[in-house]
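Working through the structure, step by step
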Amino acid sequence: MSRRGLLQGLGLGAGALALAACATREGGSTTGNAATQGPGGIDLARPDSPVKLPLYDDNQAIKSGLNPEAGPLKVYCWTGTVPKKTFASFEEKYGIEVRPTFYGSPDEALPKILSGSMDFDVYECSMEQLPILVANKVIQPVNSSYLPNYEANVWDHLQSPWYDADASYTTPGYYWSTGIAWREDHLPDFDPASFENPYDAFWQLDGIAGKVQFFDYMRDALAMTLLRNGVSDINTTEKAHLDAAVEALRELTERTRLRLSTDAYQTLAQGTNWIEQAWGADVYFAEFYLPKNISPEVLKFWAPEDGAMVTSDSWVISRNAKNPVAAHLWMDHLLEREQGVNTVQYSGVITPVRGMEMENVVADGIMDARLLTALPSPEQIANGVFHGPLSKEGETAWQNAWLAVKSYA
Amino acid sequence: MAKRLAGRKILRLSSAPDADAAYPRGFWHALGAPGVAWFALWVLVPAYTIVAVSMGYVSDSMLPVPEWDPRYWNLETLSAVVREMAPGGIFAKVLMNTVTYVLGALVLCVLIGYPVAYYIAKQAGRWKVLLIVLLTIPFWTSYLMRMLAWIGLLSTDGYTNRLLMSIGILDEPYGWLEGHSFVVVISLAYGYLPYFILPLLASLDRIDDRLIDAGKDLGLSSVQTFIRVILPLSKAPLIAASTVAILPMCGDFYTTNLMSGSPATAMIGNQIQVLAQGGPQQNVGASLALLLQLALILLLSYYLYSSSKATKAVAA
């Protein structure tokens, strides 16, 4: 490039900047109550204030009594949640081919869905994303006549879940709890219950530098830190609470060289970390990564009975689904107990259908008794704290806090 | 060297002026059109999209609303990001990390890559082809897989610790993956070394051996020949190779994710990943990406300018 060419290029940029300075256009206005409403003015759902998601005239559920389409059914779901047995049994039962596409995290999936670049019939959706998908009309309401297993099998308190009262758009997905996982062989005297605030253990334990990990998920990492700080509302958007959480994680990073990652099951098994923020299912997965000479008994998990961080997701149908009837059949298929059994044995998460209560899962020998603490109990689910959707301002506050954590600023 | 050649008539091979006459009119334009279209579609359009998202806003439904019309560009986001890069700002630490790590990795690339490239180009003799093939081995597998392999090597009970303990250098396993900056630097250098060596090798190979022989014939020692002949002739190839290596390093985010994972070693790519993946501040992510692109364009411009200057100097 010649010097003249370079200057011409810079001149073009300067011209554009000058133009930008001369013109204005309205945009980005916020409507409704920014504190209590999310995308599209939809009220922010919480367990103690359920929300009925809006239905739109131009986005209605399919009619009853339609025949299933020929497929293939495109399923967009989290890596490692749906077992191969479930795909195979659906194909065998309905004669419809299933084509799954997997995402690594819901954060990765959402932009693809919103941009319209992901062609799918049915999607495993995180609870926080629901108002965004509804407000943007990228999902359609469900027709309950295709979902007999919902009423017959799903736990009573989820017949009308707080995040989607009357279950207009969703069927329940999976439940798991978030807590503390540790290696007992490296921390033999550690017992979270011995701490006044067990979450504070990360900040209190000595000799764990370089062996500590939190999730590289904004909501999980900051929420546990809020709980450690004594803030029970893990959906708070108060600046003081978020600032304190950032400060606490900065302190933890300084003290322990905290890692942020999503491979808790692997790093715990390999001994890279001795204590981690983890999902109960991670302890189940970790068993498969343990060196052969180490017993799975060394993998421990703790979450409180009352106020545990519980996460769940749900299944939704694309508004542009080419196979909407088959999508309903898929959602109904997942609500069979047999699929719940397949799922918990495959991925360690609970499908909320009758007979899949944690006690039954262990009593029936579906899972080893060692994993009793790693599976969310009905009490933990009933008394747990959940990530709820946030307003745009709330999301911005959380993202800024997370940026501060991730940049160690 | 340029001074010594000054004033001498350079004989150059020139093609016949009507060499293209054998081809139909517009043939070369038609031949290049698919490539240009591909470039426009997959490089220029996405690049402009980043600019448009940066200058736009994010709707209440968390969808980015790009501003395609430059007349309505909103520079507030971009200027806010620039402010946050200043000391004390939220991006200051990651910016410093990025610059430090990239420069550190570049120094390692030069120290390791230059002797290797020079040896293969000038000294390998009949082994040259075999060594070049060996150099391409890292490209047979993806960057990510190579980094994952390193996790196995550097883990607590990995081969590195076992080796160092067996020869008595370490008494107990060292936590290589426990958030150390130097591990990120070494990993970046390892990851991008092939990108550094190959263009360097190609350029060094073109250095005329007679110039090196001439230096020695005129009484220069080996060290003097290196400093006064080889090194000046290596300047442009080094800049080219450095540019090729630096460009991807600056936007890298998975190396530090995999080899450290600590917020203390985050690079600017990690912040872009957080912001651009979704949520209410995708315009901030786009602004960060845009600033990174502008910095790299400046770097590339310097390379093009300096190589053009070097070509003119030789021609003169």
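Predicted, not measured: the structure shown is a model, and the values here were computed from it. (Residues numbered from 1 in each chain as written. Chains lettered and ligands numbered in written order. Predicted model: local features only at pLDDT ≥ 70, side-chain atom pairs only at ≥ 80, totals over all residues. Heavy atoms only, no water.)

Quick look at the interface of chain B and chain A
For clarity, the cut-off: Here, two residues are considered to be in contact whenever any of their heavy atoms come within 4.5 Å of each other. Throughout, buried area stands for the accessible area (probe radius 1.4 Å) lost by two parts on being put together, summed over both. Salt bridges, as used here, are contacts in which a Lys or Arg side-chain nitrogen is within 4 Å of a carboxyl oxygen on Asp or Glu. Pairs of N or O atoms are called polar contacts if they sit within 3.5 Å, as long as, within protein, a hydrogen donor faces a hydrogen acceptor (for residues adjacent in sequence, only side-chain-to-side-chain pairs). Note on conventions: DSSP H or I runs of at least 4 residues are helices, E runs of at least 2 residues are strands, and numbering of each starts at the N terminus. Residue classes follow a fixed rule: Ala, Val, Leu, Ile, Met, Phe, Trp, Tyr, Cys and Pro count as nonpolar, while Asp, Glu, Lys and Arg count as charged, and any other residue, Gly among them, counts as polar.
Taken together, the 43 residues of chain B in the interface contact 50 residues of chain A. Around 4100 Å² of area is buried between chain B and chain A when both sides are counted, 57% of it from carbon and sulfur atoms. The largest share of the area that chain B buries against chain A comes from Asp-60, Glu-178 and Pro-263 of chain B, three residues that together contribute 17% of it. For the pair chain B and chain A, the number of links is two salt bridges. Between Glu-178 of chain B and Arg-257 of chain A there is a salt bridge, with its nearest N and O atoms 3.2 Å apart. Remark: the boundary between chain B and chain A carries nine residue pairs in polar contact (both at pLDDT 80 or more). Residue assignment for the side of chain B that touches chain A shows that the elements contributing at least two residues are β1 (57-58), α4 (92-123), α12 (268-276) and α13 (282-315) of chain B. Split into classes, the residues belonging to the side of chain B that touches chain A amount to 21 nonpolar, 15 polar and seven charged.

Details of the confidence of the model for chain A
Residues and elements named next belong to chain A. The cut-off we apply is this: As a per-residue measure, pLDDT tells how confident the predictor is, with possible values from 0 to 100.
The predicted model of chain A has a mean per-residue pLDDT of 86, with 91% of residues at 70 or higher. Per-residue pLDDT stays below 50 along residues 1-24; that stretch engages in 18 contacts with residues further than four places along the chain or on separate chains. Low pLDDT, under 50, characterises residues 28-32; the stretch is placed with eight contacts to residues that sit more than four places away or in other chains.

Section: the state of the cysteines
Using the following cut-off: Pairs of cysteine sulfur atoms within 2.5 Å are what we label disulfides. Using a 1.4 Å probe on the protein chains alone, a residue whose accessible area is under 20% of its type maximum counts as buried, one over 50% counts as exposed, and one in between counts as partly exposed.
Tallied over the entire structure, the rule returns zero disulfides over all chains. Free cysteine: Cys-125 of chain A, not disulfide-bonded; nearest cysteine sulfur from Cys-77 of chain A at 13 Å. Here Cys-250 of chain B is not disulfide-linked; the sulfur of Cys-109 of chain B is the nearest cysteine sulfur, at 12 Å. A relative accessible area of 11% means that Cys-250 of chain B is categorised as buried.

Some points on unusual backbone geometry
With omega at 0°, the peptide bond leading from Gly-71 of chain A into Pro-72 of chain A counts as cis. Residue position: Pro-72 of chain A is located in the loop between α1 (3-22) and β1 (73-78).

Regarding the domain arrangement of chain A
All names here are of chain A. Rule in force here: Those domain boundaries reflect an automatic or database domain assignment.
Partitioning chain A into domains gives domain 1 (39-175 + 311-382) and domain 2 (177-309 + 390-406). Relative placement of domain 1 and domain 2: their C-alpha centres are 27 Å apart. With 24 residues of domain 1 at the contact, the number on the domain 2 side is 24 residues. For the pair domain 1 and domain 2, the summed buried surface comes to about 1800 Å²; carbon and sulfur atoms form 49% of the total.

Thoughts on the packing of α4 of chain B against helix α8 (residues 181-205) of chain B
Residue and element names in this part refer to chain B. Going by this rule: For every element, the axis is a line fit to its C-alpha atoms; helices are fit only across the contacting stretch, and the angle between N-to-C directions ranges from 0 to 180 degrees. In this scheme, a crossing is called left-handed if the near helix is turned counterclockwise away from the far one by less than a right angle; it is called right-handed if the turn is clockwise.
Two numbers describe how α4 lies on α8: the axes approach to 6 Å, and their chain directions differ by 35°. Handedness of the crossing formed by α4 with α8: right-handed. When grouped by side-chain class, the residues that make up the contact of α4 with α8 number 24 nonpolar, three polar and two charged.

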